[in-house]
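# Working through the structure, step by step
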Amino acid sequence: MPRKRAPTSPKTKAEEEEPKVRADALRPTIDLARLIHSQLLEGEIPRMRLPLRTKQNIAFQMREGVWRLGKATGTRSARKLDGALMLLRTFYLVDFINEMARDGKTSTLRELYYISEGWEEGKFHSEDESNLLVEDLEVMCSRLREDFRLHPEENGASIIGDITIRERNRKGAVKTINCREDVGDGGYALPSNVEKEKIEFVKARAKFVIAIECGGMVDRLAENGFDEANDALLVHLKGQPARSTRRFLKRVNEELKLPVVVFTDGDPWSFRIFASVAYGAIKTAHISQYLATPGAEFLGVTASDIENYDLPSDRLSEVDIKALQAELSDPRFATAEWRSEIELMLKNGKKAEQQSLAKYGLNYVTDHYLPEKLKEMGVL
Amino acid sequence: MPRTLVAPARSIAEQLASKQREISVAEFFERNRQILGFDNPQRSLLTTVKEAVDNGLDASEEAGILPDLRVEISKEGESGDRLRVAVEDRGPGIVRREIPNVFGRLLYGSRFHSNRQARGQQGIGISAAVLYAGLTTARPARITSKIAEEEGARVLELILDTQKNLPRILSEEVQLWDREHGTRIELVLKAKYVRGRQSPLEYLRGTAIVNPHARIVLVEPDGTKITFERATSELPPISKETLPHPYGLELGELGYLLKASKRENIREMLSRDLAGVSVRASREVVGAAGLKGSEAPASLSGEAQEKLLAGLRGVELVAPSAEGLSPIGPLLIKRGLRNVLGDVRPDFFAPPVSRPPKVRGGFPFLVEVGLVYGGGLPADQPLQLLRFANRVPLLFQQGACAITSAVGSIDWRRYGLDQKGGNGLPTGPCLLLVHVASTKIPFTSEAKEALAEDEDLDRELTLAIQAAARHLKTHLSRVGRRQFASDKFAIIQKILPRLAEKASRLIDQPVPDLAPVITKIMDVVTLEPTVVADASSVRVTVEITNYTARPRVLEVFLEIDPTTFALAEYAPTPEGIDRGLGRAWWTLDKLASNARTRIELGFPARTDVEANDLDFYVAGVDEAHLLGADPLPGDWDVRLPRAIIEAAEAAESGPIEEEEVDYDAAEASAHVSEDES
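Running from N to C, helix H3 (residues 81–103) of chain A and helix H13 (residues 455–506) of chain B point in directions that differ by 30°, and their axes come no closer than 9 Å. Taken together, the axis directions place H3 of chain A and H13 of chain B in an arrangement best described as roughly parallel. As H3 of chain A packs across H13 of chain B, the resulting crossing turns out to be left-handed. Side by side, H3 of chain A and H13 of chain B meet where Leu81, Ala84, Leu85, Leu87, Leu88, Phe91, Tyr92 and Asp95 of chain A of the first sit next to Asp487, Ala490, Ile491, Ile495, Arg498, Leu499, Lys502, Ala503, Arg505 and Leu506 of chain B of the second. Considered class by class, the residues forming the contact of H3 of chain A with H13 of chain B number 13 nonpolar, no polar and 5 charged.

Our next topic: helix H9 (residues 268–278) of chain A. Structural remark: α-helix, 3.6 residues per turn; residues separated by three or four positions point the same way. All names here are of chain A. The buried fraction of H9 is high, at 10 of 11 residues. Taken together, the buried positions of H9 are occupied by Pro268, Ser270, Phe271, Arg272, Ile273, Phe274, Ala275, Ser276, Val277 and Ala278. On its buried face, H9 is in contact with helix H8 (243–255), strand E14 (260–263), helix H10 (288–291), strand E15 (297–300), helix H12 (318–328) and helix H13 (336–348). Capping of H9 at its N-terminal end is provided by Asp267; its side-chain oxygen lies 3.0 Å from the backbone amide nitrogen of Trp269.

In this assembly, 54 residues from chain A lie in contact with 41 residues from chain B. The contact between chain A and chain B buries some 4200 Å² in all, and 61% of this surface belongs to carbon and sulfur atoms. Considering only the side of chain A, the residues that lose the most area to chain B are His37, Leu40 and Arg79 of chain A, jointly responsible for 16% of the buried surface there. On the surface where chain A and chain B come into contact, there are 6 salt bridges. Asp664 of chain B serves as the salt-bridge partner of Arg76 of chain A, at 2.7 Å between the closest nitrogen and oxygen. Put simply, the parts of the chain that give the side of chain A that touches chain B at least two residues each are helix H2 (27–41), strand E1 (47–51), strand E4 (73–77), H3, helix H5 (127–141), H8 and H9 of chain A. The biggest single contributor to the side of chain A that touches chain B is H3 of chain A, with 11 residues.

To continue, consider the confidence of the model for chain A. With 93% of its residues at a pLDDT of at least 70, chain A reaches an overall mean of 89. Across residues 1–22 of chain A the pLDDT falls below 50, and counting only partners more than four positions away or on other chains, this stretch makes 34 contacts in the model.

Think of a pair of aromatic rings as described by two things: how far the centres are apart, and how the planes are tilted against each other in angle. Tallied over the full model, the rule gives 22 aromatic pairs over all chains. Plain terms: the ring middles of Phe565 of chain B and Tyr570 of chain B are 6.0 Å apart, the flat faces sit at 45° to each other, and that makes the pair tilted. Tyr570 of chain B matches Phe565 of chain B in its accessibility class, with the two residues each being buried. Within the aromatic cluster, the residues linked to one another by ring pairs are Phe271, Phe274, Tyr279, Phe298, Phe333 and Trp338 of chain A. The ring of Phe349 of chain B has Arg338 of chain B lying over it, and the distance from NZ or CZ to the ring centre is 4.7 Å.

A low pLDDT score tells you not to read the predicted coordinates there in detail. Residues and elements named next belong to chain B. With 90% of its residues at a pLDDT of 70 or more, chain B has an overall mean of 85. No element of chain B has a lower mean pLDDT than helix H1 (residues 10–31), which averages 63, and none a higher one than strand E7 (residues 215–219), which averages 96. Counting interchain partners and residues more than four positions distant, the pLDDT-below-50 stretch residues 671–677 has 20 contacts. Both scores are given for the predicted complex: the pTM is 0.65, the ipTM 0.78.

It is worth spelling out the sheet that holds strand E9 (residues 174–178) of chain A at this point. Residue and element names in this part refer to chain A. Taken in spatial order, the 3 strands make up an open sheet running E9-E8-E11, and their pairing is antiparallel. Each edge of the open sheet carries a strand with a single partner, namely E9 and strand E11 (199–204). Going across the sheet, the axis of each strand differs from the next one's by a mean of 20°, ignoring polarity. Bridge count for strand E8 (residues 163–168) against E9 is 5 bridges, and the pairing is antiparallel. Bridge pairing links Ile165 to Ile177 in E9. Packed on one face of the sheet, H8 meets E8 and E11 and runs near 50° to E11.

Quick notes on the rules
Residues numbered from 1 in each chain as written. Chains lettered and ligands numbered in written order. Predicted model: local features only at pLDDT ≥ 70, side-chain atom pairs only at ≥ 80, totals over all residues. Heavy atoms only, no water. Axes fitted to C-alpha atoms, helices over the stretch in contact; angles between N-to-C directions. Helix = DSSP H or I, 4+ residues; strand = E, 2+ residues; numbered from the N terminus. Parallel < 35°, antiparallel > 145°, perpendicular 65-115°, else oblique. Left-handed = near helix turned anticlockwise from the far one by under 90°. Contact = heavy atoms within 4.5 Å. Nonpolar A, V, L, I, M, F, W, Y, C, P; charged D, E, K, R; others polar. Buried < 20%, exposed > 50% of the residue type's maximum accessible area, 1.4 Å probe, protein only. Polar contact = N/O pair within 3.5 Å; in protein donor to acceptor, adjacent residues only side chain to side chain. Buried area = accessible area lost by both parts, 1.4 Å probe. Salt bridge = Lys/Arg side-chain N within 4 Å of Asp/Glu carboxyl O. pLDDT = per-residue confidence, 0-100. Phe/Tyr/Trp six-rings, centres within 6.5 Å; stacked < 30°, edge-to-face > 60°. Lys NZ or Arg CZ within 6 Å of the ring centre and 35° of its normal. Pairing = 2+ DSSP bridges.

Written as structure tokens, this is what we have:
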């Protein structure tokens, strides 16, 4: 069921001045039109091939150190209803992007979903369908969705720490912001676009990045002054991190050479959060080279932490167990370390939240747990 | 009791005796509260409504009057735990002298010894409600009854005297009542009104389904009025009273029959007071029992009665007849379900199953099953099972009932419903009605809420339910095929033309001819019936389209239920007709690729016919290339025209499909676990 319609923000001058869709960005869709036209002329059912974005079809790219799409392809054919609809929608989407380019507009993914109300039988049935089609277009054209003037509704995560950035805001003004001194308790909120034309790094005193799953833990570290005492940059992942959060992590890691550690709950879902940060997500495997930070390391909570620190834990649910078993067949987790970690969790049948460390008091995480773990990892 | 030499004073004996009686009726009630259905306030209300409604239905039917019942439940007083229940029927009314006995005396009834299918069997019912009301609120029952012969209605207030098991009339008057005849009972009792599974509303809904000839109105305490209109104005045939059959006869009952018999001797009594005993058989029975046959029936000793019963058991008798049964019948089951479930808008009403009568013990019984699927029925819940015995809904003890275990022992997965482990109640948007009719229902207990396990009953239940389940399976596979067809039509009629247009415009080219692609996508012959009903007729248009790449010569067979078939008219005129089987057939002119033809059927106005009721079979094209019809069954003995045979023999050259991964199907299943923006 679609969520409630989000209010549309008035388009500003700055947006109108954004560069138009580059003429060649949509070139592959012209090729697709040619292909379909010739298939129809020959009496063939229209169809196209696309690389499969499934767990079975991701391959490790040695050069970039990330997991990217493999060579297996699937066929999108007008023989089936879903395939026929997606082919038709591709052309509606191309029309829409061209229209936005002509009028100097951009659109959120959510707006795109509602725009399709006017596409007659091409109308999307769910936002998943529209998001998938945009990803398909990224794959087809080897571009990012921003190149098609499409962006997600949500902003990225918030960050706290001694790093100074220069942001060109939506009014076109350039602001220099220190992400500890110039922000409140909420930190600096990453915009959905964190590319160079939007955000530049000025200087950073932070020596490493600690990416944290839950807001409560970010607050705990900030309140305890952990970022100041250890020159850390705190990044709130907010569960599965948005593209811009992962892109930001990659940029600070590559451009500022800051090590990235990931601190999450100790459960199968948190392992997946780490995998998407470090190795790249399956859904965005076509752009892993932009988003994944191969150098990122998993700090915890690990299955052995639950034992070693004797943390309050919950029993794994049936769903948790299924998720862990699925991870055993996920190529991204096919290392000896991850296998033993997953198997240990399955064996103990326990999971724990990162905030369960509060068992030993509010300062325990900053005074004992993190320093111990970070030393072990060679970060501190 | 210890005997004393000195007789106690009379007054004490009297006191004791009267106390004994008082204890007996009140205690009888207390001890049997549960089986009488008065164990808690919620159930007490339901039992009261149930007994009054059953009486109203029985009385109306026996008098040949279409039942018209009104049940009003309202709050009484401030305490919140008392309700006033009024149940009114438009039956024949009750003559003055019988009113106190009917409502104020336990175990008073006219049906206890009758051998026919009836709702109530013991006559405990309504007077137990009067007793319960008196015990919990000390308020009398108020009875209003008018018979057609009298000007005014008799209004009596009475209570059941627990000392004497006799009615005590507190007041009596004659009032004007604006109706020809009818009865109304009002009670104030400790009770609780709820909605939900075991509620008066559910009881009345169930009653309305299996009694489509009744009109029932319920007014709830908050003023909500719910009306179940009648779906037919035909009364069910009155079940005939049959003589008791020796199979299943108990010794006590035999004794009663002997005593009550007006026959001169036992031979005559056997052949005329019992069913299935011929004159010759009566001689054999008497002989086997070592009796003369000329004894007066009432004179037999207990020992002789036992011998007689053994004699009856040892002799071959005519099986009990089913005349005492009153099945609802397939037509009315369907109407009843449709009438009451109208707001749920189910997708499918399976043709109801009515099994022929069978005998267990000495009693005939039969099983009827109705099944409804889809629409607003909840898909994630267990199947809704509506159990009925002699047209009375059974709301309690579902788990202990033979009907439930029969449903649960069927592997519903084979019929298209989910079922954990292949037994127990299946899950799905499905409602199953099971009605058992018998002159003696084998209840597990006097509570009359569950049927006892029995081999013969179980076999009949299973056969009937399976027959209904097979209809469900057929329906589901039809739905699957229809979805497939509607997807294909959406592609060729809407999506493909637009896709061609948009792709062509993007590269500035003319739109190519789509016909060859359309036949490739469809690659089937479709047959689509459309039913249009208006005031003057019901018309069915059957469109046959050849969406394959080559011309087709087809033979189309239509099969309908023969009664409906007899009403049909056709255009064009069929090649042949078989009225007995309800079949008509046509040889169509050669149908070119992408060409279409139609057959039209006409029925008189208001004929009950739906697309689902029409079965089509087609020869001249194989199953894989046929949509909306089935291939001609092999066991039909029909001579096909030469052209059809040749067409069928020509090998179908289907397109050779590469083994390809469907991108969109893979996409849909891949992104369940990961969730990111």
